[in-house]
Amino acid sequence: MKNHYSLVIIGAGPAGLAAAVVAAEQGLDVALLDEQGAPGGQIYRAMESIPAGRAELLGAEYQRGRKLVSALRDSAVDYFPNTQVWSLNRKREIGLLCDNTPAMITADQVLLASGAMERPLPFPGWTLPGVMNAGAGQILFKAHGIIPADGVVLAGSGPLLLLLAWQYQHAGVNIKAVLDLTPMRNHLRALPHLPRALLAGHYLMKGMAYKKDLKQAGICTLHNVAELQANGKEQIESISFTHRGKKQTIETDLLLVHFGVIPHTQLARAAGCQHDWDSSQQCWSPQRDEWGNSSIDGIQIAGDGAGIGGARTAEHAGRLAALQAVNTLGLIEGWERDLLAREDRKWMREELHIRPFLDAFFHIPGKLLSVPDDGTIVCRCEEVTAGEIRTAVANGHKDSNQVKFLTRCGMGPCQGRQCADAVENIVAAAGGESIARGGHYRGRPPVTPLTLGQLASLDPGETE
Amino acid sequence: MKADILIVGGGLMGFSTALQLAKRGKRCIVLDKESPGRHASGVNAGGLRQLNRHPAEVPLSVAAAEMWHNIESLLDGDCDTHFPGQIRIAENAEDMQLLEERAAMVHALGFEHEEIIGQQELYQLLPALVPHCKGGLICRNDGYGRPFHALDAFRRKACSLGVEYLSSARVDAIERKGNEWRASTPKGTFRAPVLVNCAGAWAVSGG
């Protein structure tokens, strides 16, 4: 690895891959850093090693990634797998661990393509072993072909839940139930966005085809489910919930939940990029323009890390950001950038037709976001409960940072990744500042765990 | 709004000042540019130390230690204080000489809280210490607390005694009008005959 590149891209999912290839084609000196061992991000994980049969089960959308990954392999991009970025600042100094060896490098231009993460949502019993995210279930399947042996219950709200149910069903998994926590009133909420969504009708068709398949296979799907709870002592033994006013229980040793995805913003925050609260996507996203320029000169953000748009949108956004970087660094003129970007801009607009409908349809009800009972742990690292957070608010700590100061929530190894949004929701509902006013945890490097030994073994010439 | 005393800064200084004044029947307003204890008062090492203070600080630190040892009579909580003692260690004879001089100086000022200990007691207290040290200077009732919790306890006690606290009220300008100070903030202008600047690192800029 060199200690300076014209463009450093962080994240090798659809946005990062597409951007790296375009930027290298245009003559930039590009490094692509990624924490995984192989390119593809979460969505196209294990693309190069997956057996054909499994790839087919994952569907055509997954196999789209093959083109992106092979384009990277054919390019002049310096690609570094197994590389974690633990620091980024406004001077574009990047602290990283490459195969566990620390290094500091710099770049003229940085593109963050750190993607999305599943929205962590505390509910009673969510910390019991045997309760996992649907995304984790899907990763185990993609990367290792591991599927639940003794059946599974899927619960939550969002397109991934349906997709995973469909993939599991085709893989022969015993699906005990699919519990859809999307409230009925979301149909009304989404209705005004339907006409525009029809312009991207293939997504709707696909969703309906999945549903039909599941129904034909006799999978029990319950809609408008509420009050989800995992029960058990050492691990999950059963789940309970209400459906049509009746409380029900299902015995299971595995529950996979999903409540939509939110941008992964920790590096952008550590660098000091401005973020805004997006009330329709119910998440924070970094300020950026159409070309991915953030509020800090020389730092760009593309893909789901800039706001949820899906894999195809990320691919277009990645190319647009790369062209902007090439333009900023003086290799092409503005008009050339615009010309080269024409197709991607057009396709990106088409892709985004579906988004407002999906955002409204899968809007997570406020009650689910902010009312875990007092005993529910919200910050898993420091074991801080919803009750402790509410007490802190009642004692005058009116935003999530003040609550963090007092209770240590968000100060553990995950640095608040898992609890930040939940704490903001609870604080706002308990009488604190609104989320938009109260702000997000202040994030500081290192954003991922780093040992003192690793820090100390940095070449002194690399630090100031 | 008018008060007896305006206090600029919602850190430990500001709230301790406000608390003491409120106990004596004064009406105080604390103006804070952010949230309580947002800066040095909320995040520091939490040391409660008399050991090794500058001679000018010694009487104040001894009085402060008296307060911290009896903190529950002042506040509704113990601020998570612990007093295991603090030790300054001599690694060689020369260091030891300095510590003895220091102890003599403190005794000459009329204080007894710092005392010399020999090698044997040093290793009884700190068995994991590297083996070559000669002795130390100890203050047996020094300790530590949890800074943000302490700040919180001061704030809550002060407010329970009628102190008014305003967050996000950065003082943009202070002016003298007749017998009054006027502090203008985004939350309005506040007036009082006395103003105490407890703005910490921002004290010079007035904010």
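For the structure, see preceding data.
All values reported here derive from a predicted model rather than from experimental measurement.

1. Focus on the overall build of chain A
Item 1. Of the regular secondary structure elements, chain A holds 19 helices and 21 strands.
Item 2. Taken over 464 residues, chain A has a buried fraction of 55%.
Item 3. Considering only intrachain contacts with a sequence separation of at least 6, the fraction spanning at least 24 residues in chain A is 67%.
Item 4. Summing over all exposed atoms, chain A offers an accessible surface of approximately 20000 Å²; the carbon and sulfur share of this is 52%.

2. A look at the sheet that holds strand β5 (residues 115–117) of chain B
Residue and element names in this part refer to chain B.
Item 1. Spatially, the three strands line up as an open sheet ordered β4-β6-β5, and their pairing is antiparallel. Strands at the two margins of the open sheet, each flanked by one partner only, are β4 (86–90) and β5. Between one strand and the next, the sheet's axes are offset by a mean angle of 30 degrees, whatever the strand orientation.
Item 2. In the sheet, β4 pairs with strand β6 (residues 135–139) via five bridges, with the strands oriented antiparallel.

3. Side note on the interface of chain B and chain A
The accessible area lost on association of the parts is a frequent measure of interface size.
Item 1. Contacts between the two partners involve 10 residues from chain B, matched on the other side by eight residues from chain A.
Item 2. Counting the surface lost from both chain B and chain A, the interface buries some 880 Å², and carbon and sulfur atoms represent 51% of this.
Item 3. Our enumeration of links across chain B and chain A arrives at zero salt bridges.
Item 4. Applying the counting criterion to the chain B and chain A interface returns five residue pairs in polar contact (both at pLDDT 80 or more).
Item 5. Looking at the side of chain B that touches chain A residue by residue, the class counts come to three nonpolar, three polar and four charged.

4. Section: the packing of helix α5 (residues 134–144) of chain A against helix α6 (residues 159–170) of chain A
All names here are of chain A.
Item 1. Two numbers describe how α5 lies on α6: the axes approach to 10 Å, and their chain directions differ by 35 degrees. In the packing of α5 onto α6, the handedness of the crossing is left-handed. Contact residues: A134, G135, G137, Q138 and F141 in α5; L160, L163, L164, Q167 and Y168 in α6.
Item 2. Considered class by class, the residues forming the contact of α5 with α6 number six nonpolar, four polar and no charged.

5. Regarding the sheet that holds strand β9 (residues 173–177) of chain B
Residues and elements named next belong to chain B.
Item 1. Taken together, the three strands give an open sheet; going across it, the order is β9-β10-β11, and neighbouring strands pair in antiparallel fashion. Only two strands of the sheet have a single partner each, and these edge strands are β9 and β11 (188–192). Sheet twist, expressed as the mean angle between neighbouring strand axes with direction ignored, is 25 degrees.
Item 2. Note that β9 and strand β10 (residues 180–185) share five bridges and pair antiparallel. Pairing of R176 across the sheet is with W181, part of β10.

6. What to know about helix α1 (residues 12–23) of chain B
All names here are of chain B.
Item 1. Taking 1.5 Å as the rise per residue, α1 with 12 residues should run 16 Å; its terminal C-alpha atoms sit 16 Å apart, in good agreement.
Item 2. Within α1, the full set of buried residues consists of G14, F15, A18, L19 and A22. With its buried residues spanning 125 degrees around the axis, α1 presents them on a single face.
Item 3. Check the buried side of α1 and you find it contacts β1 (5–8), β2 (28–31), α3 (71–74), α6 (147–160) and β8 (164–166).

7. Examining the nonpolar core
All names here are of chain A.
Item 1. With 44 residues, the main nonpolar core has L7, I9, V30, L32 and Y62 as its most contacted residues.
Item 2. Mapped onto this core, the elements with two or more residues apiece are β1 (4–10), α1 (14–25), β2 (30–33), α2 (52–58), α4 (65–73), α11 (311–328) and α12 (334–352).
Item 3. If near-sequence neighbours (up to four positions away) are discounted, L32 is found in contact with I9, G11, A12, G16, L17, A20, L72, V77, D78, Y79 and F80.

8. Notes on the packing of aromatic side chains
Item 1. Counted under the stated rule, the structure contains 10 aromatic pairs over all chains.
Item 2. Where F141 of chain A meets Y168 of chain A, the ring centres are 6.5 Å apart and the plane angle is 70 degrees; that geometry is what we call edge-to-face. Here F141 of chain A, found in helix α5, pairs with Y168 of chain A, found in helix α6; they are 27 residues apart in sequence, far enough to count as distant. In this structure, F141 of chain A and Y168 of chain A share a single accessibility class: buried.
Item 3. Geometrically, the ring pair formed by W68 of chain B and F154 of chain B is edge-to-face, given 6.0 Å between the ring centres and 65 degrees between the ring planes. Pair noted here: W68 of chain B is in helix α2 (residues 58–69) and F154 of chain B is in helix α6, with a separation of 86 residues, a long-range link.
Item 4. Aromatic rings pair up to connect F357, F361 and F362 of chain A into one cluster.
Item 5. Its guanidinium or amino end placed over the ring of W284 of chain A, R269 of chain A lies 5.3 Å from that ring's centre, counting from NZ or CZ.
Item 6. Its guanidinium or amino end placed over the ring of W202 of chain B, K33 of chain B lies 4.0 Å from that ring's centre, counting from NZ or CZ.

The rules behind each value
Residues numbered from 1 in each chain as written. Chains lettered and ligands numbered in written order. Predicted model: local features only at pLDDT ≥ 70, side-chain atom pairs only at ≥ 80, totals over all residues. Heavy atoms only, no water. Helix = DSSP H or I, 4+ residues; strand = E, 2+ residues; numbered from the N terminus. Buried < 20%, exposed > 50% of the residue type's maximum accessible area, 1.4 Å probe, protein only. Contact = heavy atoms within 4.5 Å. Areas by Shrake-Rupley, 256 points an atom, 1.4 Å probe, with all protein chains shown as cover. Pairing = 2+ DSSP bridges. Axes fitted to C-alpha atoms, helices over the stretch in contact; angles between N-to-C directions. Buried area = accessible area lost by both parts, 1.4 Å probe. Salt bridge = Lys/Arg side-chain N within 4 Å of Asp/Glu carboxyl O. Polar contact = N/O pair within 3.5 Å; in protein donor to acceptor, adjacent residues only side chain to side chain. Nonpolar A, V, L, I, M, F, W, Y, C, P; charged D, E, K, R; others polar. Left-handed = near helix turned anticlockwise from the far one by under 90°. Expected span 1.5 Å × (residues − 1). Arc of directions from axis to C-beta. Core = buried A, V, L, I, M, F, W, Y, C linked by side-chain atoms within 4.5 Å. Phe/Tyr/Trp six-rings, centres within 6.5 Å; stacked < 30°, edge-to-face > 60°. Lys NZ or Arg CZ within 6 Å of the ring centre and 35° of its normal.

Everything listed here is a matter of geometry and, on its own, says nothing about what the molecule does.
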